[in-house]
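For reference, the chains in residue letters:
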Amino acid sequence: MTTRKIITQDPFISRNGDKHWRERGLWPCQWIACSDAGEPPFVTAYRLQFSLNAAATIPIHVTADERYELFLDGERIGRGSERGDANNWFYESYDLTLAAGAHVLAARVWSLGPERPIAQISVRPGFLLCAEGEWQALLSTGTAVWQTKKLDGYQFETPPRTYWRGARIAVDGRRFPWGYEKGEGDSWETAVPVEQAVGRVVDYTWHDIHRLQPATLPPMLDKEVRTGQVRYVSGTATEAPIRAVDHLPDEQPAWQTLLTNRQPPAASRQITIPPHTRRRILFDLEDYYCLYPELLVSGGAGGRIQFHSAESLYLNPVTNDKGHRDEIEGKFFVGVGDAFYPDGGDNRLFDTLWWQAGRYWELVVETAVSPLTIHRLTLRETRYPLEMESEFEAGDGRLQAIMPMLERSMQMCS
């Protein structure tokens, strides 16, 4: 079990109380990096294999430049870091409650460099995990034997409309090191230390370092969403307008079950697309969402999967005229998202580095010589955990009617 916690004070300040004032900001760990990663943009993985003689609860503090996902024994337990700047580089704090025996900590870290979103600051790529007390030597970066490798298979491009989310990615499943989050695979190498971890200015060190500060925000919402309607299924290209004449109504129920229904057995939820086939599916979630999408697939070697999002469809993709947002007939989908290229293996989980936003979501699948089976489509909502805790009443019914939209706007913009 893992608990994310909010702290307000440097966890190592008391440790340094007997040191000279010039050294009191030092942490008992170091930033580490992958020496073979090259220049950003790139994605790297880190792993630490360790064992406990007895059950324990271990406090740790984690951050990365630029972003990380943290896994414990193959399960994602956290994301970060909260965005700041070099003088206020935030870290997240966790309590790991672990049973006796073998465990694996792993992290996926991405550094987009010139392709990062405009809100993302970077000092230098790296990863940091610092444990408290007796666990420092066993777990902390710079003291424990952390290993790392570059995650091949990522390609980056920055088309229009993506300055706010950074580069769009394509994942080539034939080159991707599946199982990295469990610490599996080969080509791991010892991570190299690149920077002393510090929690405050040390001896007037105003050069480029990360000055660590505890995160101020609670964990973002992480909730599976099963809502919406499948409005359109066709074999048309994504550039084509949505037309009722192209719709395949007999296939719509299966896609609807994949989107919203938890009840049927997994085998009855999955969909298989035959070889040399294109399918284009338009999901209308009937509200605005910020989501991390995930697709669990098997087969499909040589094919392509695209998953894009948009606020609305367009009457004309050149003039950006949206018209009535409930209507789709004759309109065009112009969105942003990522692409995935299956390698033909079983139970491949494709996911994104960053969340996507919108009401309409378009899934385009193109198969080659092999069929592709989609076992599961998962949409995980992310946002600040802002919920309505007050009540509002007005004699003017129009004000009452727009309250859900106002609440949703605050949630999505936070």
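Overview of the structure. (Residues numbered from 1 in each chain as written. Predicted model: local features only at pLDDT ≥ 70, side-chain atom pairs only at ≥ 80, totals over all residues. Heavy atoms only, no water.)

**Overview of the environment of Leu-217**
Secondary-structure assignment places Leu-217 in the loop between strand 15 (212-214) and strand 16 (223-225). The partly exposed category is assigned to Leu-217, whose relative accessible area is 35%. Each C-alpha atom, one on Leu-217 and one on Asp-250, is 46 Å from the other, the two residues being 33 residues apart in sequence. Ignoring any residue separated from it by four or fewer positions in sequence, one finds Leu-217 in contact with Arg-4, Ile-6, Glu-82 and Tyr-384. (Helix = DSSP H or I, 4+ residues; strand = E, 2+ residues; numbered from the N terminus. Buried < 20%, exposed > 50% of the residue type's maximum accessible area, 1.4 Å probe, protein only. Contact = heavy atoms within 4.5 Å.)

**What to know about the pairing of strand 2 (residues 26-33)**
A regular strand places its side chains on the two faces of the sheet in alternate fashion. Extensive coverage of strand 2 is indicated by the burial of six of its eight residues. Pairing of strand 2 with strand 14 (residues 192-198), which is carried by five bridges, proceeds in the antiparallel orientation. Looking at the pairing, Gln-30 lines up with Gln-196 of strand 14. (Pairing = 2+ DSSP bridges.)

**Notes on the sheet that holds strand 3 (residues 42-52)**
The six strands are arranged 6-5-8-3-10-13 in an open sheet whose pairing can be described as antiparallel. Strands at the two margins of the open sheet, each flanked by one partner only, are strand 6 (75-80) and strand 13 (189-190).

**Focus: the side chain of His-308**
Here His-308 lies in strand 20 (residues 304-310). Given a relative accessible area of 10%, His-308 falls into the buried group. Discounting residues that sit within four places of it in the chain, His-308 has contacts with Arg-168, Phe-333, Gly-335, Val-336, Gly-337, Asp-338, Gln-356, Tyr-360, Trp-361 and Glu-362.

**Some thoughts on the state of the cysteines**
The tally for this structure, following the rule as stated, stands at zero disulfides. With no disulfide of its own, Cys-413 lies 8.1 Å from the sulfur of Cys-290, the closest cysteine sulfur. (Disulfide = S-S within 2.5 Å.)

**Side note on helix 2 (residues 252-260)**
When we look at burial in helix 2, the residues that qualify are Trp-255, Gln-256, Leu-258 and Leu-259. One side of helix 2 carries all its buried residues, which in axial view fall inside an arc of 160°. For helix 2, the secondary structure elements touched by its buried residues are strand 17 (229-234), helix 3 (266-269), strand 18 (271-273), strand 19 (278-299), strand 23 (356-366) and strand 24 (372-381). (Arc of directions from axis to C-beta.)

**Examining the packing of aromatic side chains**
This structure, assessed with the given rule, holds 14 aromatic pairs. Note on Tyr-154 and Phe-156: the rings are 6.4 Å apart at their centroids and 20° apart in plane angle, and the pair reads as stacked. Residue class for Tyr-154 comes out buried when judged on its relative accessible area of 10%. A relative accessible area of 23% places Phe-156 in the partly exposed class. Cluster of aromatic residues (ring-pair linked, three or more members): Phe-71, Tyr-154, Phe-156, Phe-176, Trp-178, Tyr-180, Phe-340 and Phe-350. One cation-aromatic arrangement involves Arg-79 over Tyr-292; the distance from NZ or CZ to the ring centre is 3.7 Å. (Phe/Tyr/Trp six-rings, centres within 6.5 Å; stacked < 30°, edge-to-face > 60°. Lys NZ or Arg CZ within 6 Å of the ring centre and 35° of its normal.)

**Structural notes on the nonpolar core**
General note: in soluble globular proteins, nonpolar side chains tend to be found buried as a group. Membership of the largest hydrophobic core comes to 41 residues, with the highest contact counts inside it found for Trp-255, Phe-283, Leu-363 and Ile-374. Among the elements that take part in this core, strand 19 stands out by supplying seven residues, more than any other. Here Leu-363 is in contact with Trp-255, Arg-279, Arg-280, Ile-281, Phe-283, Leu-295, Ile-305, Gln-306, Phe-307 and Ile-374, once residues within four sequence places are set aside. By size, the runner-up hydrophobic cluster in this structure holds 31 residues, among which are Ala-37, Phe-50, Ala-64 and Leu-72. (Core = buried A, V, L, I, M, F, W, Y, C linked by side-chain atoms within 4.5 Å.)

**Things to note about unusual backbone geometry**
With an omega of 10°, the peptide bond running from Pro-40 to Pro-41 counts as cis. Tracing the chain through its elements places Pro-41 in the loop between strand 2 and strand 3. At the junction of Asp-65 and Glu-66, the peptide bond is cis and its omega measures out at 20° in the coordinates. By the secondary structure assignment, Glu-66 is in the loop between strand 4 (56-65) and strand 5 (67-72).

**Here's the deal with the layout of surface pockets**
Within this model, the second largest pocket holds a volume of roughly 700 Å³. Lining of the second largest pocket is provided by 26 residues; of these, Tyr-288, Ala-310, Glu-311, Arg-325 and Ala-357 occupy positions nearest its centre. Looking at the lining of the second largest pocket, the elements with two or more residues in it are strand 19, strand 20, strand 23 and helix 4 (397-412). Looking at the lining of the second largest pocket, its residues break down into 13 nonpolar, four polar and nine charged. (1 Å grid on protein atoms, 1.4 Å probe; cavity = no way out; pocket = protein on both sides within 12 Å on 5 of 7 lines; lining within 4 Å. Points joined across faces, edges and corners; volume = space filled by probe spheres on them. Nonpolar A, V, L, I, M, F, W, Y, C, P; charged D, E, K, R; others polar.)

**Some details on the pattern of salt bridges**
Inspection of the entire model under this criterion finds 28 salt bridges. Note that Arg-408 is salt-bridged to Asp-287, the shortest N-O span being 4.0 Å. Of the two residues, Arg-408 is situated in helix 4 and Asp-287 in strand 19; the sequence distance between them amounts to 121 residues. Arg-408 sits in the buried class, given a relative accessible area of 12%. Residues Asp-326 and Arg-359 are paired through a salt bridge, measuring 2.9 Å at the closest nitrogen-oxygen approach. With Asp-326 in the loop between strand 20 and strand 21 (336-341) and Arg-359 in strand 23, this pair connects stretches of sequence that are 33 residues apart. Linked by salt bridges that have partners in common, Glu-69, Arg-76, Arg-79, Arg-108, Glu-294 and Asp-351 make up one network. (Salt bridge = Lys/Arg side-chain N within 4 Å of Asp/Glu carboxyl O.)

**Some points on empty space enclosed by the protein**
Throughout the structure, instances matching the rule amount to four cavities of 30 Å³ or more. What the largest cavity holds in volume is close to 120 Å³. In this structure, the largest cavity is lined by 13 residues; those nearest its centre are Trp-110, Leu-112, Pro-117, Arg-165 and Trp-354. Looking at the lining of the largest cavity, its residues break down into seven nonpolar, one polar and five charged. Here the second largest cavity defines a volume of roughly 50 Å³. Glu-66, Ser-81, Glu-82, Arg-83, Gly-84, Trp-89, Gln-120 and Ile-121 are the residues that line the second largest cavity. Each residue belonging to the lining of the second largest cavity can be placed in one class, and the counts come to two nonpolar, three polar and three charged.

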